[in-house]
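# Residue-level structure breakdown
Residue-level listing of the chains:
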Amino acid sequence: MPGFEFFGEEERKQVNDVLDNGVLMRYGFDGMRNGHWKAKELEASLRNVMKVQHAQLTSSGTSALTVALAAAGVGAGDEVIMPTFTFVASFESIIAIGAVPVLVDIDDTLTLDPQAVKNAITAKTRVIMPVHMCGSMAQLKELKQICNDHNLILLEDACQAIGGTYDDKPLGSYGHLGCFSFDFVKTITCGEGGAVITNNKEYYLNSDHYTDHGHDHVGNDRGAESHPFLGYNYRISELNAAVGLAQIEKLPRFLELQKQHYLILKNELAKVDGVTFRRIPEAGVPNYGFLNFFLPNENAARNAHKALGENGVDACFYWYDNNWHYIKKWDHLKNLKSLGRLPQEIKTQLPDYHKQDFSKSDHWMGRTISSLIKLSWTEEEVTARANKMAEVVSHFV
Ligand SMILES: *Cc1c(COP(=O)(O)O)cnc(C)c1O
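Presented here is an overview of the structure given in this document. (Residues numbered from 1 in each chain as written. Predicted model: local features only at pLDDT ≥ 70, side-chain atom pairs only at ≥ 80, totals over all residues. Heavy atoms only, no water.)

With respect to topology, three strands assemble into an open sheet ordered β7-β6-β11, the strand pairing being antiparallel. Each edge of the open sheet carries a strand with a single partner, namely β7 (169-170) and β11 (284-285). Note that strand β6 (residues 165-166) and β11 share two bridges and pair antiparallel. From the neighbouring strand, Thr165 faces β11, where its bridge partner is Val285. (Pairing = 2+ DSSP bridges. Helix = DSSP H or I, 4+ residues; strand = E, 2+ residues; numbered from the N terminus.)

So, about the site of the ligand. The local shell around the ligand holds 14 residues, among which Gly61, Thr62, Ser181, Asp183 and Lys186 are the closest. Here a nitrogen atom of the ligand and a side-chain polar atom of Asp157 are 2.8 Å apart. At a separation of 2.6 Å, an oxygen atom of the ligand approaches a polar side-chain atom of Asp183. Notes on the ligand: free accessible area 380 Å², of which the protein chains cover 94%. Tallied by class, the residues present in the shell around the ligand amount to five nonpolar, six polar and three charged. (Near = heavy atom within 4 Å. Polar contact = N/O pair within 3.5 Å; in protein donor to acceptor, adjacent residues only side chain to side chain. Areas by Shrake-Rupley, 256 points an atom, 1.4 Å probe, with all protein chains shown as cover. Nonpolar A, V, L, I, M, F, W, Y, C, P; charged D, E, K, R; others polar.)

Let us now look at the side chain of Glu156. As for its position among the elements, Glu156 is in strand β5 (residues 153-157). Of the buried charged residues, Glu156 lacks a salt bridge, with Lys144 as the closest side chain of opposite charge at 7.1 Å. Apart from residues no more than four positions distant in its own chain, Glu156 is found in contact with Pro130, His132, Leu140, Leu171, Gly172, Ser173, Tyr174, Gly175, Leu177, Gly178 and Cys179. (Buried < 20%, exposed > 50% of the residue type's maximum accessible area, 1.4 Å probe, protein only. Lys, Arg positive; Asp, Glu negative; His and termini not counted. Salt bridge = Lys/Arg side-chain N within 4 Å of Asp/Glu carboxyl O. Contact = heavy atoms within 4.5 Å.)

Here we take up the state of the cysteines. Enumeration over the complete set of coordinates arrives at zero disulfides. Of all cysteine sulfurs, the one in Cys179 lies closest to Cys147, which takes part in no disulfide; the gap is 14 Å. You can see Cys159 has no disulfide; the closest cysteine sulfur is in Cys179, sitting 6.4 Å from it. (Disulfide = S-S within 2.5 Å.)

Gaps left between atoms show up when a probe the size of a water molecule is rolled over them. For the structure on display, the rule yields one cavity of 30 Å³ or more. Estimated volume of the largest cavity: approximately 60 Å³. Taken together, Cys134, Gly135, Ser136, Tyr262, Lys266, Phe277, Arg278, Ile280, Pro286, Phe290, Leu291 and Asn292 make up the lining of the largest cavity. Elements with a contribution of two residues or more to the lining of the largest cavity: α8 (238-269) and β12 (290-294). A total of three residues in the lining of the largest cavity trace back to one element, the largest contributor, which is β12. Along the lines of polarity and charge, the residues of the lining of the largest cavity split into seven nonpolar, three polar and two charged. Composition of the lining of the largest cavity by domain shows at least three residues from each of domain 1 (3-250) and domain 2 (251-325 + 359-396). (1 Å grid on protein atoms, 1.4 Å probe; cavity = no way out; pocket = protein on both sides within 12 Å on 5 of 7 lines; lining within 4 Å. Points joined across faces, edges and corners; volume = space filled by probe spheres on them. Domains from an automatic or database assignment.)

Keep in mind these values describe shape, not function.
Written out as structure tokens, the structure is:
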């Protein structure tokens, strides 16, 4: 998955453009910048690649999620439905704006179970936030239907699935809002950065203002701009945007390489009786950033994962025991360990996650092993890896 594997001349040239004139900020300084507008160019490129009307860059994927929620008018006491398997950024962004993260089960797609989503809807629900984990997507058609039925916002976290599609639409563009991360380990990277995409002009303008202290960006005198509402600083720097400009050009090649490597691994593992694969929703094409497979039970998966590591197969993950990605280890969320006082709404409305039954999620996560798909592997290396993985895993099925 990581775009940093292909960091080179193109990135250096883009960054040097910025260094040559010294304007490191995306707004203003028109005279000094010699026509270089890296953030604006990357936004134009994102609109083009994602086939959407609007794109707003941010300082990170986490801030992109925060901005998307704020732009849609979500705030204190509103409930946002999110999956048990994701990255901590999901609930961080929700809590950051005073809203309440409502966690629900995943299914064999490793993303939100639409039935579990339906069961979690209350009068306070405002948003459904599917997370397209590990390169593949949520059941977007079903989730969109639920959103239509209940007048909710569909916000796609596509941070780990850039370049995948659903119903021929780029992931992130199917819902009302979509978010990407360009942190250092993502498919394309800016070092740090993120983006919100949407076809909704109001959400876009809100995002544009909100990421820059509420500036309305009318005219070209920053000091004279008015602030229609409160904002924050979630801006990306020109240096980071410059790296992204080089990387987004490489996205088609990255996707092609990921697919090739993924298929070699999958075809070999498919020969092992007892290994099955994560379900990819009909109408979906993943970005092939990870290969996710199931062993028959939790013990088998845990032991197989351990054996893979011992046999020199790196970059395999057993998320069930991982601190960052699954509810089981999120004691700081369960105990609401914040530095300062949280809004009262969160304290009173947050479900008691110590007690909630997530056995359906446990059932799938306990059995899942994910292999990262690296871009830099040679064909011989992937083939050797595939053979090794199949051989090791066959002892545990
Ligand atoms: C990486 C990631 C984020 C957050 O992105 P940052 O740029 O690291 O803040 C959010 N959601 C998912 C699913 C991610 O993988």
